[in-house]
Amino acid sequence: MTDVRVRFAPSPTGYLHIGGLRTALFNYLYARHTGGDMLLRIEDTDRTRFVEGALENLLKALKWSGIEIDEGVMLDEDGEVTQKGDFGPYIQSERVEKGIYDEHIKTLIDEDKAYYCFCSQERIDKLRDQQKADGLTPKYDGLCRSIPKEEAAERVKNGEAHTVRLKLPHDTEISFEDRVKGKITFNTDDQDDQVLIKRDGFPTYHFAVVVDDHLMGITHVVRGDEWISSTPKHVYLYQAFGWQAPEYIHLPTVLNKDHKKYSKRNGDGMVEDFIEEGYMPEGLINFLALLGWSPDSEEEIFSMKELADQFDFDRVNKTGAVFDKKKLDWVNGHYVRDLSEEDLAREIKPYMVKAGLIGKDYPDEKLNLLAATWQSAIDKFSDAPSLSKNYFLEDKDLKWDEEAVEAIKTDDAKVLFDSFLAHLEEVEEVDEEFAKTIMKKIQKETGIKGKNLWFPVRAALTGSVHGPELSNAFIIMGKDKLVERLKYVKENF
């Protein structure tokens, strides 16, 4: 049995999309499940869409996610882009320079399986516009198919602008077996004579992908199902070269909440955005694995190794998978709960600083306590500022909810606030002992207890009668803030 070799082959045209990350993940999981190799190849033949820095961003996003590249383009120990493997180069533009595609396109032309096309882009555009107007599927009309090879070669030699097109046979059925979708058949009359080499001499995706997959020994092509309609051309190219085609696995489309494609063209789902929002790689990967694949159990929380142990394409769904942000938050929250207080504090600190709630020199012990206080409510690190902001806001900026206002205005509230302020005057700073005992002391002094004791104090200090451990809030806010907040409430309510 041939060793499994899969590849992720993105184009450096912008930030990595969540759909691309899922494709990379499914390739990776299958490679690990079978003991095969995961390759990364960069398909940069469309120079008009090339984005500076996109390659580095892609590699960093993959590394962040925990997807390990065995061969191809990767980052070295110093974070520099490098290539590793025996089938390189693994960047298509570099393969163009080595003439890899030239020799293969010559073979197709010599065997009359491809032809030179001299039609201008203006003619092609007019043809397609007219076909659309007539209610037809836009496709090339084959004008240049009948030009004798010798004449075409002479025109090319004289420098005439041209492309090279695939010469599909007429009215021929092309079938392939898809691991997810089953047997799929297309008729060539419904297909275009695909451009294989563009006017700039660069191969198109459709040509380069077949040549590269073959030369690199790819056994399984795992990609989004938007490529299904192109696959017959790829299958025919394999037949034209006399090569064995790989096994095809087309993954279900990732959908947004409106059940439309979760597309980067709509600004949806860039991996960089999820990283910036403070999602953990373990959470995002766990969630993405369940987006179109189901395990053979009711479990929903899996480590990367556990996913690889179970993963197989037989349990990949045929229909589209909806990207449910609430489900992602739930899964990611599981990993947040597993962090130590210190690790969570370190992760939320940049978000707290960026929100202007704390400075870079904020005490570690208070930040650790803040993390512990809100850990059960934090689903992603960027949640921390919105959850805890009331501890830090200027009093005039704090919004007290209706229940809080009601609690603050009770007859007992002023008595409680006066007692609390009196105890604060007796200490230099609020420590753990003060925080743990102050409410019991106030209860003893005033005789007020239960909700009548706790609600007014919590409401005054945090803007709500609900929330996590109140004694933690006393320590986090500190003496000065507590005094300032209680006095503001007394004066304004």
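Everything below is about the structure shown above.
On a predicted model such as this, the values are computed, not experimentally measured, just so you know.

Engineer: Help me understand helix H10 (residues 281-289), please; the structure alone is not making it clear to me.
Structural biologist: Structural remark: α-helix, 3.6 residues per turn; residues separated by three or four positions point the same way. Of all nine residues making up H10, eight are buried, and the element is well covered by its neighbours. Turning to H10, its buried residues number three or more, namely Pro281, Gly283, Leu284, Ile285, Asn286, Phe287, Leu288 and Ala289. Residues of H10 that are buried in the fold lie against helix H1 (18-34), helix H2 (54-65), helix H9 (271-276), helix H11 (304-310) and helix H12 (325-337).

Engineer: Any chance you could explain the sheet that holds strand S9 (residues 195-197) here in plain terms?
Structural biologist: Read across the sheet, three strands follow the order S5-S6-S9 without closing on themselves; strand pairing throughout is antiparallel. The sheet is open, and its two borders are formed by strand S5 (114-117) and S9, each paired with just one other strand. Averaged over all pairs of adjacent strands, the angle between their axes in this sheet comes to 40°, without regard to strand direction. In terms of strand pairing, strand S6 (residues 163-166) meets S9 through two bridges, oriented antiparallel. Within S9, the residue paired with arginine 165 across the bridge is valine 195.

Engineer: Whenever I open this one, the pattern of salt bridges confuses me. Can you help?
Structural biologist: Pairing is possible between side chains of opposite charge, provided their charged atoms come close. Evaluated as defined, the whole model comprises 35 salt bridges. Taking the shortest distance from any N to any O, the salt bridge between aspartate 314 and arginine 179 comes out at 3.3 Å. With a gap of 135 residues between them, aspartate 314 in the loop between H11 and strand S13 (321-322) and arginine 179 in the loop between strand S7 (173-178) and strand S8 (182-187) connect regions that are remote in the sequence. By relative accessible area, arginine 179 is classed as partly exposed at 25%. Two residues, lysine 305 and aspartate 309, come together in a salt bridge whose shortest N-O distance is 3.1 Å. Residue lysine 305 and its partner aspartate 309 are both found in helix H11; the two are separated by four residues, about one turn of the helix. Taking the relative accessible area as the measure of exposure, aspartate 309 reaches 47% and is therefore partly exposed. Because the salt bridges share partners, they merge into one network encompassing Arg7, Arg41, Glu43, Arg95, Asp212 and Asp213.

Definitions and cut-offs
- Residues numbered from 1 in each chain as written.
- Predicted model: local features only at pLDDT ≥ 70, side-chain atom pairs only at ≥ 80, totals over all residues.
- Heavy atoms only, no water.
- Buried < 20%, exposed > 50% of the residue type's maximum accessible area, 1.4 Å probe, protein only.
- Helix = DSSP H or I, 4+ residues; strand = E, 2+ residues; numbered from the N terminus.
- Contact = heavy atoms within 4.5 Å.
- Pairing = 2+ DSSP bridges.
- Axes fitted to C-alpha atoms, helices over the stretch in contact; angles between N-to-C directions.
- Salt bridge = Lys/Arg side-chain N within 4 Å of Asp/Glu carboxyl O.

Remember, this is a structural readout, not a statement about activity or role.
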